[in-house]
Amino acid sequence: MSISVKNLSKHFDKQKAVDLISFEAKPGRILGFLGPNGAGKSTTMRMLTGFLAPTAGEISICNENILSNPVTTKQKIGYLPENTPLYTDMYVKEFLEFVGETYGLKNLVNTINDVVKRVGLTPQQHKKISMLSKGYRQRVGLAQAIIHNPQVLILDEPTSGLDPNQLVDIRALIKSLGKEKTVVLSTHIMQEVEAICDDIIIINNGKLVANTSLEDLKETHYPLSLEEIFKKLTLD
Amino acid sequence: MYAVFKRELFSFLNSMVAYITIGVFLLVSSLLLWFFPDTSVLEYGYAELSGFFNLAPYLFMFLIPAITMRLFAEERKEGTFELLITKPVTLWQIIGAKYLASLVIVLFSLIPTLVYFYSVYQLGYPTGNIDSGAVIGSYLGLFLLGSAFTAIGIFASSLTKNQVIAFAVAVFLSFFAFSGFDSISKIISLQSFESTIVNLGINEHYLSISRGVLDTRDLIYFISFAAFFLLLTKLTMGGRK
């Protein structure tokens, strides 16, 4: 199991943002993390990546505990935070070099060239990040998440704000990454879930309401569409 | 840690912030030291730099917060702190890297002022009639004072997402740490603790080092002062979990 979460909770004062959730994610499968806004998706991802400390519960990433061994665990995770924060005063390659250095990568020049090609940034690679459009920034965000070839990829809304052409490219990229890695991604787009996800988790008000494979979910709720299933599970 | 240090330093040097603050520092100190008759060395008639070293703490009080105000405030406002802390670096490494990068900028602002020393050295009669020991001590004192103000500035930046608030808090804390304790010690009812209170302030230790005598107590004071504010920074940034 690449990611194993047990009874994870996060309380902000009295509000229970995440309430006793448990799930697992396997290598070679893409896990879609669904839920209405404010359900606790980003909070969970922030706990998985070590940005937030859980109130209770256990997280194991590649058999490492992120709370006791944060540095070695973070080495194995690629993370794209929500809204893709980037150092906009840097140039694309300069930024990727900085990220590569924080992971202690060797042979950086080749690595950067490979990753730039892989995410389709070649035409924009000499620009400043502040000059890039939303779609290209998203690619820079993906590039910095995969530059160190991590076993686990955690992507918080990786396709928000992309145009239809870019959507196809980025989805194909995520799909190909998912063949060997453990990918967890959150999204609001149901077609996207059908197109790339193998497993589904739906959370509502911090609680798990579904945790199964895509086929099983559709079978149990047959003949509802994914959108109707989502509504049924989260609108009460 | 080196990667973060390099990024911070380049980010200072690629933006106008570093050049403008260093430029303002050099401009104001040159005007006051050489051109304005009230404070000019040339009018004063003695070959010494005490005018510059009395003035520099007050310039640093405004310029160092201007350098440090963005360090954490901007990261939190733009959300890049999440990006940074989820890389395999510890919070201490991030704070240390930002601190050292700002200290390098402070050092860059001090180096050109060696021209003042050279000029006064040449202008002395006979040439070289200047207390070099006191000047070296004063430079060391000024650098240590800068390192204390930088620690305050980083702490202020970690308190808020708003750079203007970070600047204002840092200026106030720097001013208070520099001369506030001297003023408090003059309150009548606290007279019996006067020397203890004065010893808490930066000014006392700055003056002591400026005399050209390096006392380990002063050195320890400055190191612990900076360490204390960096620790507070770690608590405010780490406490957000």
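Residues numbered from 1 in each chain as written. Chains lettered and ligands numbered in written order. Predicted model: local features only at pLDDT ≥ 70, side-chain atom pairs only at ≥ 80, totals over all residues.

An unreviewed UniProt entry lists chain B under the name Gliding motility-associated ABC transporter permease subunit GldF, with Pedobacter changchengzhani given as the organism. Per UniProt, the comment on chain B under Subcellular location (unreviewed entry) is "Cell membrane". (UniProt positions renumbered as here; feature names shortened; annotations may be inferred.)

As annotated in an unreviewed UniProt entry, chain A carries the name ATP-binding cassette domain-containing protein and comes from Pedobacter changchengzhani.

Turning next to the UniProt feature "transmembrane region" (unreviewed entry) in chain B. All names here are of chain B. Annotation from UniProt places "transmembrane region" (unreviewed entry) at residues 12-35, 55-73, 94-118, 138-157, 164-181 and 219-237. Between the C-alpha atoms that bound residues 138-157 there is a distance of 28 Å. The span itself is 100% helix and 0% strand. Between the first and last C-alpha atoms of residues 219-237 the distance is 27 Å; the span itself is 100% helix and 0% strand. (Helix = DSSP H or I, 4+ residues; strand = E, 2+ residues; numbered from the N terminus.)

Moving on, we come to the interface of chain A and chain B. Between chain A and chain B, the contact holds 20 residues from the first and 17 residues from the second. Only α2 (70-74) and α3 (92-102) of chain A provide two or more residues apiece to the side of chain A that touches chain B. The biggest single contributor to the side of chain A that touches chain B is α3(A), with 4 residues. Class assignment for the residues of the side of chain A that touches chain B results in 12 nonpolar, 5 polar and 3 charged. (Contact = placed C-beta atoms within 7 Å. Nonpolar A, V, L, I, M, F, W, Y, C, P; charged D, E, K, R; others polar.)

Time to look at the UniProt feature "domain: ABC transporter" (unreviewed entry) in chain A. The sites that carry the UniProt feature "domain: ABC transporter" (unreviewed entry) are, in the present numbering, residues 3-230 of chain A. The span residues 3-230 of chain A carries 36% helix and 27% strand; its end-to-end C-alpha distance comes to 24 Å.

Of all hydrophobic cores here, the largest spans 127 residues; its most connected members are A:A143, B:A148, B:A151 and B:I152. When near neighbours in sequence (up to four residues on either side) are disregarded, B:A151 contacts B:Y99, B:F225, B:A226, B:F229 and B:L230. (Core = buried A, V, L, I, M, F, W, Y, C linked by C-beta atoms within 7 Å. Buried ≥ 20, exposed ≤ 12 C-beta atoms within 10 Å, placed from the backbone.)

So, on to the sheet that holds strand β8 (residues 182-186) of chain A. Residue and element names in this part refer to chain A. Strand order in the open sheet formed by 6 strands is β6-β7-β8-β3-β9-β10, and the pairing between neighbours is mixed. The open sheet has two free edges, formed respectively by β6 (77-80) and β10 (207-213), since each of these has just one partner strand. When strand polarity is set aside, the average angle formed by the axes of neighbouring strands in this sheet is 15°. By the bridge criterion, 4 bridges tie strand β3 (residues 30-34) to strand β9 (residues 199-204) in an arrangement that is parallel. Among the inter-strand pairings, L31 is bridged to a residue of β9, identified as D199. Sheet strands touched by helix α1 (residues 41-48): β3, β7 (152-156), β8 and β9. Its angle to β7, the strand with the most contacts, is close to 150°. Sheet strands touched by helix α9 (residues 226-234): β3, β9 and β10. Its angle to β9, the strand with the most contacts, is close to 35°. (Pairing = 2+ DSSP bridges. Axes fitted to C-alpha atoms, helices over the stretch in contact; angles between N-to-C directions.)

All names here are of chain A. Strand order in the open sheet formed by 4 strands is β2-β1-β4-β5, with antiparallel pairing between adjacent strands. Each edge of the sheet is formed by a strand with only one pairing partner; in this case those strands are β2 (15-25) and β5 (64-65). Across 5 bridges, the pairing between strand β1 (residues 3-12) and strand β4 (residues 56-61) is antiparallel. By the bridge assignment, K6 is partnered in β4 with E58. Strands β1, β2 and β4 of the sheet are contacted by α1, whose axis makes an angle of about 120° with β1.

We now examine unusual backbone geometry. Trans is the common state for peptide bonds, and a negative phi is the common state for residues other than glycine. Cis geometry is found at the peptide bond from A:Y222 to A:P223, where omega equals 5°. Here the bond from B:Y125 into B:P126 is cis, since omega is -5°, no more than 30 degrees from zero. By the element assignment, B:P126 lies in the loop between α8 (114-123) and α9 (132-159). Although it is not a glycine, A:C62 sits at a positive phi angle of roughly 50°. Here A:C62 is to be found in the loop between β4 and β5. C-beta crowding within 10 Å serves as the criterion here: with 18 such atoms nearby, A:C62 is assigned to the partly exposed category.

For the rest of this paragraph, the subject is the pairing of β9(A). Residues in a regular strand point their side chains to alternate faces of the sheet. Residue and element names in this part refer to chain A. Across the 6 residues of β9, 5 count as buried, placing the element largely inside the fold. Bridge count for β9 against β10 is 6 bridges, and the pairing is antiparallel. Bridge pairing in β10 places I202 opposite A210.

Do not read the fine detail of predicted coordinates wherever pLDDT is low. Across chain A, the average pLDDT comes to 90, with 100% of residues at 70 or higher. Here α9(A) stands out as the element of chain A with the lowest mean pLDDT, 87, in contrast to α3(A), whose mean of 95 is the highest. (pLDDT = per-residue confidence, 0-100.)

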